[in-house]
Amino acid sequence: MPNKQTIDKGFSKISHHYEELEKTSSLINWMRSRVRKHLIEQLPEKAQILELNCGTGIDAVFLAKKGYKVHATDIAKGMLNYVKMKIDNINLSKNLSCELVSFTELQKLKPKKFDHIFSNFGGLNCSSETELKAVFNSFNELLLPNGKITLVIMPKICLWEFAKIFKGNKTAFRRLKKGGVLANIEGEKVHTHYYSAKKIKALLSANFTDFKVENICFFGPTGNRVDFMEKHPKLFQFLAKFDVISNKIPFLQGFGDYYIISATKK
């Protein structure tokens, strides 16, 4: 299982950074808007949503304000502290609740049922393939009939990262490393795995159908280039067009910094 203590420490330490990015990074907000557009297209009116690895509640608050019922979960106490503050400060208790729980222990949520399960920006990449399969199997019992999932996953193929090799960066092909890599999260080593859309579909196929895949940042820049849009607005507009093109070509889907994958319960 993922090292819960390490993940809790690392992501709690970095929680303030997540909050700042929402206010300062046009790139992160653009990426988040792409995810939200895709997600909302999948949601029924007044949907009950389970959010995994909710972070500081940025998406949960957005959805709650739109009238959806959101139960936001995370394993990092520092992240959930922000969610709790937002519930109180913005008076969202009617539509938003939160709970400290790992996505490897979703059985603790029973007998609750949801219309949709949502996980943003690679939280599930902290799980090995065996762990991820168990997580996916738990979705079936938590979803209502015809329920759906929307997951945002970090794939193995990211052209922007590969391009680092031209600058002599030894991490250019880290996503291809068998067994994953240890990501440094504020001094804590978090085991991170990368998955193709094909692999995720295979792990979900026993219980899900009607898959939809959408790339985020197919050519460019990765989310850690937080000020890229401010520094290179015209170049970004040019690169963003390739996201549109790549999502119209089936064999290019599932690549980039992230991809979104949605599916419906059988």
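Which parts of the structure should I look at to understand the nonpolar core?
For soluble globular proteins, the rule of thumb is that nonpolar side chains tend to be buried together. Membership of the largest hydrophobic core comes to 38 residues, with the highest contact counts inside it found for Trp30, Met31, Ile49, Leu96 and Ile216. At 6 residues, helix α3 (residues 26-42) tops the list of elements feeding residues into this core. The contact partners of Ile49, leaving out residues within four places of it in the chain, are Leu43, Leu63, Tyr68, Lys69, Val70, His71, Phe114, His116 and Phe118. Leu50, Leu143, Ile149 and Leu203 belong to the second largest nonpolar core, which has 28 residues in total.

I keep staring at the packing of aromatic side chains and nothing clicks. Help me out?
Remark: the centre distance and the inter-plane angle together describe each pair of aromatic rings, the angle taken between the planes. For the structure on display, the rule yields 8 aromatic pairs. Between Trp30 and Phe236, the ring centres sit 4.9 Å apart and the planes meet at 90 degrees, which makes this aromatic pair edge-to-face. Of the two residues, Trp30 sits in helix α3 while Phe236 sits in helix α10 (residues 233-246), which places them 206 residues apart along the sequence. Phe236 gets classed as buried once you look at its relative accessible area, which sits at 6%. Plain terms: the ring middles of Phe162 and Phe173 are 5.1 Å apart, the flat faces sit at 40 degrees to each other, and that makes the pair tilted. Of this pair, Phe162 sits in helix α7 (residues 159-162) while Phe173 sits in the loop between α7 and β6 (181-185), and the two are 11 residues apart along the sequence. Residue classification places Phe173 among the partly exposed residues on the basis of a relative accessible area of 41%. Members of the aromatic cluster, joined through ring pairs, are Phe218, Phe219, Phe238 and Phe242. Here the basic side chain of Arg36 rests over the ring of Phe62, its NZ or CZ set 4.1 Å away from the ring centre.

Where do I start with the pattern of salt bridges in this structure?
It is possible for side chains bearing opposite charge to pair when their charged atoms get close. Following the criterion strictly, the structure yields 18 salt bridges and no others. Residue Arg174 is joined to Glu161 by a salt bridge in which the shortest nitrogen-to-oxygen separation is 2.9 Å. Of this pair, Arg174 sits in the loop between α7 and β6 while Glu161 sits in helix α7, and the two are 13 residues apart along the sequence. The exposure class of Arg174 is partly exposed, given its relative accessible area of 32%. Glu161 gets classed as buried once you look at its relative accessible area, which sits at 2%. One salt bridge in this structure joins Asp227 and Lys231, with 3.1 Å as the shortest N-O distance. Taking relative accessible area as the criterion, Asp227 reaches 31% and is therefore assigned partly exposed.

Whenever I open this one, helix α8 (residues 197-204) confuses me. Can you help?
Because an α-helix completes one turn every 3.6 residues, residues spaced three or four positions apart along the sequence face the same direction. Listed in full, the buried residues belonging to α8 are Ala197, Ile200, Leu203 and Leu204. Axial view of α8: buried residues confined to an arc of 125 degrees, hence all on one face. Looking at the packing, one finds that the buried side of α8 touches α6 (129-142), β5 (143-153), β8 (208-216) and β9 (258-265).

I'm lost on the sheet that holds β8 in this one. Help?
Whether parallel or antiparallel, the strands of a sheet pair through hydrogen bonds between backbone atoms. Here we have 7 strands laid out as an open sheet, ordered β3-β2-β1-β4-β5-β9-β8, and mixed in their pairing. Of all strands in the sheet, those bounded by a partner on one side alone are β3 (96-100) and β8. With direction set aside, neighbouring strand axes in the sheet form an average angle of 15 degrees. Here 5 bridges tie strand β2 (residues 69-74) to β3, and the two strands are oriented parallel to one another. Paired with Thr73 across the bridge in β3 is Glu99. Sheet strands in contact with helix α5 (residues 77-89) are β2 and β3, and its direction is about 160 degrees off that of β3.

Please clarify how the packing of α6 against α8 should be interpreted in this entry.
The axes of two packed helices give the description: the angle between them and the distance between them. Between α6 and α8, the least distance of the axes is 9 Å, while the angle of their chain directions is 50 degrees. Taken together, the axes of α6 and α8 lie oblique to each other. For α6 against α8, the interelement crossing comes out right-handed. Note on element contacts: α8 touches α6 through Lys199, Ile200, Leu203 and Leu204, opposite Glu129, Leu132, Lys133 and Phe136. For the contact of α6 with α8, the residue count by class is 5 nonpolar, no polar and 3 charged.

Rules behind the numbers
Residues numbered from 1 in each chain as written. Predicted model: local features only at pLDDT ≥ 70, side-chain atom pairs only at ≥ 80, totals over all residues. Heavy atoms only, no water. Core = buried A, V, L, I, M, F, W, Y, C linked by side-chain atoms within 4.5 Å. Buried < 20%, exposed > 50% of the residue type's maximum accessible area, 1.4 Å probe, protein only. Helix = DSSP H or I, 4+ residues; strand = E, 2+ residues; numbered from the N terminus. Contact = heavy atoms within 4.5 Å. Phe/Tyr/Trp six-rings, centres within 6.5 Å; stacked < 30°, edge-to-face > 60°. Lys NZ or Arg CZ within 6 Å of the ring centre and 35° of its normal. Salt bridge = Lys/Arg side-chain N within 4 Å of Asp/Glu carboxyl O. Arc of directions from axis to C-beta. Pairing = 2+ DSSP bridges. Axes fitted to C-alpha atoms, helices over the stretch in contact; angles between N-to-C directions. Parallel < 35°, antiparallel > 145°, perpendicular 65-115°, else oblique. Left-handed = near helix turned anticlockwise from the far one by under 90°. Nonpolar A, V, L, I, M, F, W, Y, C, P; charged D, E, K, R; others polar.

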